[in-house]
Amino acid sequence: MSAAESGGFDGLPWWDDLYRRRYVAVARLAGLLSGDYAEGEDIAQEAFARVFEAAGKVRDPDRFLTGTVVNLCRARRRKRQRRQAPRPVAAAGPAAGGFEDRVADRSVVLPALQGLSGRQREVVVLRYYDGLADWEIAEVLSVSVGSVKTHLHRAVTALAAIVEVPR
Amino acid sequence: MTPEDQLTRLFRDDAERVEVGDGREAILRRVRHRRRRRRARRAGLAALIAAAVAAVVVIVSGGRGPGGQVVNVAGTGGGTLAVQQVRSGSIGLKGSAASISCVSSRWCVAVGTYNPTSGPNGPAPQVDAYRGVHALYSGSGWRSMPAGDTANLPGGLSGISCVSTDWCTAVGSTSPTTGPERTLIETWNGQRWNRMPSPSTPGNDYLSAVSCASRHFCVAVGYTTPPGGATNQALAESFDGNRWTLRPPPVIAPGTDHLLTAVSCPASGWCLAVGGYRPKTASPVADRYSNGRWTVITVPGHHKSGLSSVVCVNRARCSAVGSDSAAAVVEDYLQGTWTAQSVTVPPHGSLAALGCSTQDCVAVGSTTPHGARYQRPVVAVLGAGTPTVATTGQNINEMTSISCPRPRTCIAVGNDHDSLAGIYLLITIGPS
């Protein structure tokens, strides 16, 4: 009988530590990446289940977790795109008011992120929400650091146009 | 505030409005569901897999014995020594096994971690319910050892070193009700385990491994996460026969992760510890302890991962193992010079632990052979010629430690795939 079937994650204190440190942040990260905060928790739970399953096979559970979340979000986005036509970017529109007002708005970021390509969204969320460095983003996405910089530049430019982020 | 800071604030403020509940139960349900589905699929494929395995496995021997079950072994390589027989069995504890130390082939101790609050109908797992566990191998089987004053101490054990049947030291960490993780050090006095006072830093401290040259000299290593710190720093303590003292290794570079995972002390006052550090990508690192001081020594290997195990036969001769996504690596440290030898381990294989007798060294790890759905143990016999690598047929989660009490005999511990409980392999090697 597995640990999971016996009612807990016994024998895996590292998993518990990972859960405590990152579950809430990963759920929010998944919400940003998938474009739907409601979907974030579901994706985070699936990612943590996969990390548990991969125990002993991965050398960096933190990185594996982030990579899994990115892949799951990508899959969800694709699935959603197959089901429905993409919403027009302009529908998001620039948020009204100054910076403080925009922050106070319910969600400024999600509509703004809709105007970005999948890769731009991943790069900008991993940088500004998860706080990863260029090389760490490159490792998670399996792309070059140069590519990360390019996508980041384009993403920030696009975001500035939509949410009027001071530059 | 810079535009970068503003974007960070915008993202975080936006996301942090989202309430996130406790997801443990949902995750558990997902894990159970995935396993049930996999088991059903596996049942359908069992016949096919069995045929595929039979085609490639060289059966060395079969049957059951008192010390566990003899398992099938498939081997490759051109070394002068090879795996003759592997006998496997359960350690008999619900907990996982992290480390083993043998005084003889009939006296070994394994330590690990156990969570007594879990059960089919038990409450949700509690972080503070973990306990260190100790099991004794007497040549014919395993039994648990009395836990003494640490029986109710929340925590887990990661490393052990035995000098004699009445003196061992085990290390790990303990989780107090409040405050950060503290170091945990226990000693075996021949009758019971007792906690020893051990210093901790202000951060979360974890001891991973310990090595004792005698009852009067041990070194334990691990890592600490300083309060508010994003990076881990190497942690080390030494024992002089009376008390443990913090001996922090040098910081390689500020903001760089530096973790020590294994240590070997062949003589009083001298040890070699290995682990990894990460300036940009993970890299192997070794720290030499001599006369109370640590020195970081460069490991010039090109593999992108830390080293996971080390054994020093004497001050001039050590070997360490590690693995990255490309290959398993054995690093030999001879007279202050590192030499790397690549070991071909079957697909997706890695080496996790190393054990040496006075004559030979054996490494264990895991691999997922073609056609197999789960990891299997790998045993690599190192020495003259190309290392000989053998795989066995059990499904495991990981192999964690190995001890070779006499030439050609080693005992390794790891954890079962399904139960995550400790298992052992009694390995006999001989001429290939």
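This text follows the structure it describes.
Just so we're clear, the structure is a prediction, and the values are computed from it rather than from any experiment.

Basis of the calculations
- Residues numbered from 1 in each chain as written.
- Chains lettered and ligands numbered in written order.
- Predicted model: local features only at pLDDT ≥ 70, side-chain atom pairs only at ≥ 80, totals over all residues.
- Heavy atoms only, no water.
- Helix = DSSP H or I, 4+ residues; strand = E, 2+ residues; numbered from the N terminus.
- Buried < 20%, exposed > 50% of the residue type's maximum accessible area, 1.4 Å probe, protein only.
- Contact = heavy atoms within 4.5 Å.
- Areas by Shrake-Rupley, 256 points an atom, 1.4 Å probe, with all protein chains shown as cover.
- Disulfide = S-S within 2.5 Å.
- Expected span 1.5 Å × (residues − 1).
- Bend = angle between axes of the 7 residues up to and from the residue.
- Pairing = 2+ DSSP bridges.
- Axes fitted to C-alpha atoms, helices over the stretch in contact; angles between N-to-C directions.
- Polar contact = N/O pair within 3.5 Å; in protein donor to acceptor, adjacent residues only side chain to side chain.
- Core = buried A, V, L, I, M, F, W, Y, C linked by side-chain atoms within 4.5 Å.
- Phe/Tyr/Trp six-rings, centres within 6.5 Å; stacked < 30°, edge-to-face > 60°.

A. Focus on the overall build of chain A. Along chain A, the regular secondary structure elements total 8 helices and 0 strands. Secondary structure elements in chain A, listed N-terminal to C-terminal, are α-α-α-α-α-α-α-α. For chain A, the proportion of its 167 residues judged to be buried stands at 55%. Here the contacts in chain A between residues at least 6 apart in sequence split such that 66% fall between residues at least 24 apart. Carbon and sulfur atoms make up 51% of the accessible area of chain A, which amounts to about 6,900 Å² in all.

B. Focus on the state of the cysteines. Residues and elements named next belong to chain B. Under the definition given, this model contains 7 disulfides over all chains. Disulfide partner of Cys356: Cys361, at an S-S distance of 2.0 Å. Here the disulfide of Cys356 and Cys361 is right-handed, its torsion about the S-S bond being about 105°.

C. Fine view of helix α1 (residues 13-34) of chain A. Residues and elements named next belong to chain A. Between its first and last C-alpha, α1 extends 29 Å over 22 residues, near the 32 Å set by a 1.5 Å rise per residue. The largest bend in α1 comes to about 55°, at Arg22. Two residues or fewer past α1, Gly35 is found with a positive phi of approximately 85°.

D. Looking closely at the sheet that holds strand β9 (residues 155-164) of chain B. All names here are of chain B. Strand order across the open sheet formed by 4 strands is β9-β10-β11-β12, with antiparallel pairing between neighbours. Whereas interior strands pair on both sides, the edge strands pair on one side only; in this sheet they are β9 and β12 (193-196). Pairwise comparison of adjacent strand axes, ignoring direction, gives a mean angle of 25° for this sheet. The sheet contact formed by strand β10 (residues 167-174) and strand β11 (residues 182-188) spans 7 bridges and is antiparallel. When the bridges of β11 are listed, Ala170 appears paired with Glu186.

E. Up close: helix α6 (residues 118-128) of chain A. For α6(A), the tally of buried residues reaches 9 of 11 residues, placing the bulk of the element in the interior. The set of residues buried in α6(A) consists of A:Gln120, A:Arg121, A:Glu122, A:Val123, A:Val124, A:Val125, A:Leu126, A:Arg127 and A:Tyr128.

F. Structural detail: the environment of A:Glu41. Assignment of secondary structure puts A:Glu41 in helix α2 (residues 37-53). By relative accessible area, which is 25% here, A:Glu41 ends up partly exposed. The spatial distance from the C-alpha of A:Glu41 to the C-alpha of A:Tyr23 is 8.7 Å, given a sequence separation of 18 residues. In this structure the side chain of A:Glu41 is engaged in a polar contact, spanning 3.4 Å, whose partner is the backbone nitrogen of B:Gly21.

G. Geometry of the nonpolar core. Core analysis: the biggest nonpolar cluster contains 54 residues, and A:Leu32, A:Phe48, A:Val69, A:Leu113, A:Val124, A:Val125 and B:Phe11 have the highest contact counts within it. In terms of residues, this core owes the most to one element, α1(A), which gives 10 residues. Other than its neighbours up to four places away in sequence, B:Phe11 contacts A:Leu32, A:Val109, A:Leu113, A:Val124, A:Val125, A:Tyr128, A:Tyr129 and A:Leu159. Counting 19 residues, the second-largest nonpolar core is a separate cluster that includes B:Val362, B:Ile396, B:Cys404 and B:Cys410.

H. Summary view of the pairing of strand β18 (residues 270-278) of chain B. Residue and element names in this part refer to chain B. Taking burial as the measure, the 9 residues of β18 include 7 buried ones, the bulk of the element. Note that strand β17 (residues 257-267) and β18 share 8 bridges and pair antiparallel. Residue pairing across strands places Val263 opposite Ala273, the latter belonging to β18. Here β17 hands over to β18 after 2 residues, with Gly269 in that stretch at a positive phi of 85°. Pairing between β18 and strand β19 (residues 283-290): 8 bridges, direction antiparallel. In the strand pairing of β19, Val274 is matched with Ala286.

I. Seen up close, the packing of aromatic side chains. All names here are of chain A. If you walk through the whole model with that rule in mind, you get 14 aromatic pairs over all chains. Seen from their ring centres, Tyr23 and Phe48 are 5.6 Å apart, and the 65° between their planes marks the pair as edge-to-face. Residue Tyr23 is located in helix α1, and its partner Phe48 is located in helix α2; the two are separated by 25 residues in the primary sequence. Residue Phe48 is classed as buried on the basis of its relative accessible area of 0%.

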